[in-house]
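Each chain, letter by letter, is given below.
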Amino acid sequence: MNKIKSCILAALCLFTGSAYAGSQTVIQAVAEIPSQPAQAIIGNSIVSTKTGVYKGADFIKITLKNKLFSPGNTVNMPAELIFEIQILNENVKVKKWRLDIINSRKENAFTSSGETIPPVITWNGIKDGDIAEGKYKYIFTVEIWKKDKVTVEDGNIIVDVTPPLALLKSSTDVAVISDDRLLENIVFSLNISDETGVDLNKTTFQILNAKNNTAIKSWTLQSAAQQNITWDGKDDIYDRLVPAGEYKPVLQTSDTAGNVSVFSKSISVIKCDAQGNV
């Protein structure tokens, strides 16, 4: 017992420069937004199809390919809103058409119009030169000769460029090896949240060797809710205790629009000899 106390006291003095106060500080990680473009998740995009009726028959079909998207994504589509338009009755004479995309404050973010209805219309999520993050609906109006009108509309369009928020804490930032084991396992507390939802297929928690950023331990999360993960100091490959050194727990996550966040912190692993010296 005296040896364990000596190890802990020496470790805390070495890494904090102060005497042990009998309590541990829980450290929250700082978010790092990666410089690479975020990847849009096509499989999670919401597709909707609406049909406009003229004189009791289907006249126009509008398919919205992705009601949730993140402008600026360049690795994988979709990075813009895509309308696919199909005329179901070519005998109806169209005078003109107009598409309006309106935000939750009833402001017009995008308008397109003309006489011949195009097969595809896109919107890049830009309003007045800036990315217009928020919720939208569209109204597609077709004016028929003789002053008749056909209107198709749909809501719940989301422009999302905000990456997920996450919390990464640890029970300690200094772990001590004695008698070929950690004196106390490290418990990590994780929590992730995002308005549009967290993509768990793109979410990982790893322990990296801080010198070369090589992953030595990995976990796949089954939930974004508050959870604890315990690390006994062993690696994934050999199931052996890692050597003394600096390590970096990293939580990487993505929302369903493809926006990515990376959270990390530092862990020091030190070794204590038989006399209780670090």
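What counts and how
Residues numbered from 1 in each chain as written. Predicted model: local features only at pLDDT ≥ 70, side-chain atom pairs only at ≥ 80, totals over all residues. Heavy atoms only, no water. Helix = DSSP H or I, 4+ residues; strand = E, 2+ residues; numbered from the N terminus. Buried < 20%, exposed > 50% of the residue type's maximum accessible area, 1.4 Å probe, protein only. Contact = heavy atoms within 4.5 Å. Phe/Tyr/Trp six-rings, centres within 6.5 Å; stacked < 30°, edge-to-face > 60°. Pairing = 2+ DSSP bridges. Axes fitted to C-alpha atoms, helices over the stretch in contact; angles between N-to-C directions. Core = buried A, V, L, I, M, F, W, Y, C linked by side-chain atoms within 4.5 Å. Polar contact = N/O pair within 3.5 Å; in protein donor to acceptor, adjacent residues only side chain to side chain. pLDDT = per-residue confidence, 0-100. Salt bridge = Lys/Arg side-chain N within 4 Å of Asp/Glu carboxyl O.

Mind showing me how you'd approach the overall build of the protein chain here?
The helix and strand inventory of the protein chain stands at one helix and 22 strands. Burial analysis of the protein chain (278 residues in total) assigns 41% to the buried set. Long-range pairs, those at least 24 residues apart, make up 63% of the contacts in the protein chain with a sequence separation of at least 6.

Explanation requested: the packing of aromatic side chains in the structure shown.
Given two aromatic rings, their pairing is described by the distance between the two centres and the angle made by the two planes. Considering all chains together, one arrives at nine aromatic pairs under this definition. A network of ring pairs unites the aromatic residues F69, F110, W123 and Y136 as a single cluster.

Where do I start with the sheet that holds strand 5 (residues 81-87) in this structure?
Pairing between the strands of a sheet is mediated by backbone hydrogen bonds and can be parallel or antiparallel. Taken in spatial order, the four strands line up as 2-3-5-8 in an open sheet, and their pairing is antiparallel. In this open sheet, the two edge strands, each paired with only one partner strand, are strand 2 (48-54) and strand 8 (120-123). Across this sheet, the average inter-strand angle for adjacent strands is 20°, counted without regard to direction. Both strand 5 and strand 8 contribute to a ladder of four bridges, which runs antiparallel. Among the inter-strand pairings, F83 is bridged to a residue of strand 8, identified as I121.

Explain the nonpolar core to me, please; I cannot follow it from the model alone.
Burial of nonpolar side chains together is a common tendency in soluble globular proteins. Within the largest apolar cluster, 28 residues are counted, with the highest numbers of intra-cluster contacts made by I60, F83, W123, Y138, F140 and V142. Contributing elements (two or more residues each) for this core: strand 3 (57-64), strand 5, strand 6 (94-103), strand 7 (108-114), strand 8, strand 11 (134-144) and strand 12 (148-159). In terms of residue count, the dominant contributor to this core is strand 11 (five residues). With residues up to four places along the chain from it excluded, the contact list for V142 reads F59, I60, V94, K96, W97, I117, D148, K149 and V150. Within the second largest apolar cluster, 24 residues are counted, among which are F188, L190, I207 and I267.

Explanation requested: the pairing of strand 7 in the structure shown.
The two faces of the sheet receive side chains in turn, since in a regular strand these alternate between them. In this structure, strand 6 lies alongside strand 7, joined through six bridges in antiparallel fashion. Bridge pairing in strand 7 places D100 opposite T111. Hairpin connection of strand 6 to strand 7: four residues between the antiparallel strands, including K106 at a positive phi of 65°.

Before we go on, may I ask you to explain the environment of T256 in this structure?
By the secondary structure assignment, T256 is in the loop between strand 20 (245-255) and strand 21 (260-264). For T256, a relative accessible area of 15% translates into the label buried. When the C-alpha positions of T256 and S70 are compared, they lie 9.5 Å apart, and in sequence the two are 186 residues distant. Separated by 2.7 Å, the side chain of T256 and the backbone oxygen of T196 make a polar contact.

Hey, could you run me through the confidence of the model for the protein chain in this one?
Residues shown with low pLDDT carry predicted positions that ought not to be read at fine detail. Mean pLDDT over the protein chain: 84, with 80% of residues reaching 70 or higher. Here residues 13-43 is modelled with pLDDT under 50, and outside its nearest four sequence neighbours on either side it reaches 72 contacts, counting other chains as well.

Which parts of the structure should I look at to understand the sheet that holds strand 16 (residues 186-193)?
Strand order in the open sheet made by the three strands is 13-16-19, with antiparallel pairing throughout. Either end of the sheet is taken by a strand with one partner, and the two such strands are strand 13 (165-170) and strand 19 (227-231). In this sheet, adjacent strand axes meet at a mean angle of 20° when their direction is disregarded. Both strand 16 and strand 19 contribute to a ladder of five bridges, which runs antiparallel. Considered in strand 19, the bridge of L190 is made with Q227.

Mind showing me how you'd approach the pattern of salt bridges here?
Pairing between side chains of opposite charge can happen when their charged atoms approach one another. Evaluation of the coordinates by the stated rule reveals eight salt bridges. Of the charged contacts in the structure, one is a salt bridge between D100 and R98, with a shortest N-O distance of 2.7 Å. Here R105 and E107 are joined by a salt bridge, their closest N and O atoms 3.3 Å apart. Using a relative accessible area of 60% as the deciding quantity, one classes R105 as exposed. The partly exposed category is assigned to E107, whose relative accessible area is 33%.

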